[in-house]
Amino acid sequence: MSIRHAEMSDLDRLAEIEAAGYPPAEGASRQSIEGRLAVYPDCFWLLERQGKLCAFVNGFVTDQPDLTDEMYDKPSLHDPKGEWQMIFSVVTAPEARHTGCASELLRRVTADAKAAGRKGVVLTCKERLIGFYAQFGFADEGVSESTHGDVVWHQMRLTF
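Residues numbered from 1 in each chain as written. Predicted model: local features only at pLDDT ≥ 70, side-chain atom pairs only at ≥ 80, totals over all residues. Heavy atoms only, no water.

Student: Mind showing me how you'd approach the sheet that holds strand β1 (residues 2–5) here?
Tutor: In a beta sheet, neighbouring strands are held together by backbone hydrogen bonds and run either parallel or antiparallel to one another. The strand order across the open sheet formed by four strands is β1-β2-β3-β6, and the pairing between neighbours is antiparallel. For this open sheet the edge positions go to β1 and β6 (89–92), each flanked by a neighbour on one side alone. Each adjacent strand pair in this sheet contributes to an overall mean axis angle of 25 degrees, direction not counted. Two elements, strand β3 (residues 52–58) and β6, share four bridges in a ladder whose sense is antiparallel. Pairing of V57 across the sheet is with V90, part of β6. Helix-sheet contacts for helix α4 (residues 101–115) involve β1, β2 (44–49), β3 and β6, and the interaxial angle to β2 is about 140 degrees. (Pairing = 2+ DSSP bridges. Helix = DSSP H or I, 4+ residues; strand = E, 2+ residues; numbered from the N terminus. Axes fitted to C-alpha atoms, helices over the stretch in contact; angles between N-to-C directions. Contact = heavy atoms within 4.5 Å.)

Printed below as a string of structure tokens:
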């Protein structure tokens, strides 16, 4: 198993995994992923097993403390010197689910954010996943103002 940052050549596989992991209204389109890759490929963490991309986490860095809907499709809001690492997707290919991929990636993302001097990491999740993220130290801040994909999200924050 290895974890690395993304390259544009990963685009098709990233779009495939994202589409398999989220309903269309919630997942990032291929075009959205391409825009993110063009601006912040270093904010994509990809997990590979035996040379096959199995899972990834992506988001960007900002000084804004809360995740907003505008952030998902506006890569220009990325600030490499920002205080908060946002996470937009934590997604595993169907054939690799429940094998620890997401957990391994979250440990790496949080370690990298801490090492970079960030204040912490912010993400949103559905209510059923609050416990999953809590095991990594994320605290539930309640229902998010984000309505991305017309879903009720909880904002989760890990502060260093």
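Student: Is there a simple way to think about the layout of surface pockets in this case?
Tutor: Estimates place the volume of the largest pocket at around 720 Å³. Elements represented by at least two residues in the lining of the largest pocket include exactly α1 (11–21), β6, α4, β7 (120–125) and α5 (130–134). It is β6 that provides the largest number of residues to the lining of the largest pocket, a total of four residues. For the lining of the largest pocket, a count of residues per class yields 17 nonpolar, 10 polar and six charged. (1 Å grid on protein atoms, 1.4 Å probe; cavity = no way out; pocket = protein on both sides within 12 Å on 5 of 7 lines; lining within 4 Å. Points joined across faces, edges and corners; volume = space filled by probe spheres on them. Nonpolar A, V, L, I, M, F, W, Y, C, P; charged D, E, K, R; others polar.)

Student: Looking at this model, I keep getting lost on the environment of E104. Mind explaining?
Tutor: Here E104 lies in helix α4. Along the sequence, E104 and V91 sit 13 residues apart, while their C-alpha atoms lie 12 Å from each other. Ignoring sequence-local partners within four residues, the contact set of E104 consists of M1, I3 and L47. One polar contact links E104 to R107, side chain to side chain, over a distance of 3.2 Å. (Polar contact = N/O pair within 3.5 Å; in protein donor to acceptor, adjacent residues only side chain to side chain.)

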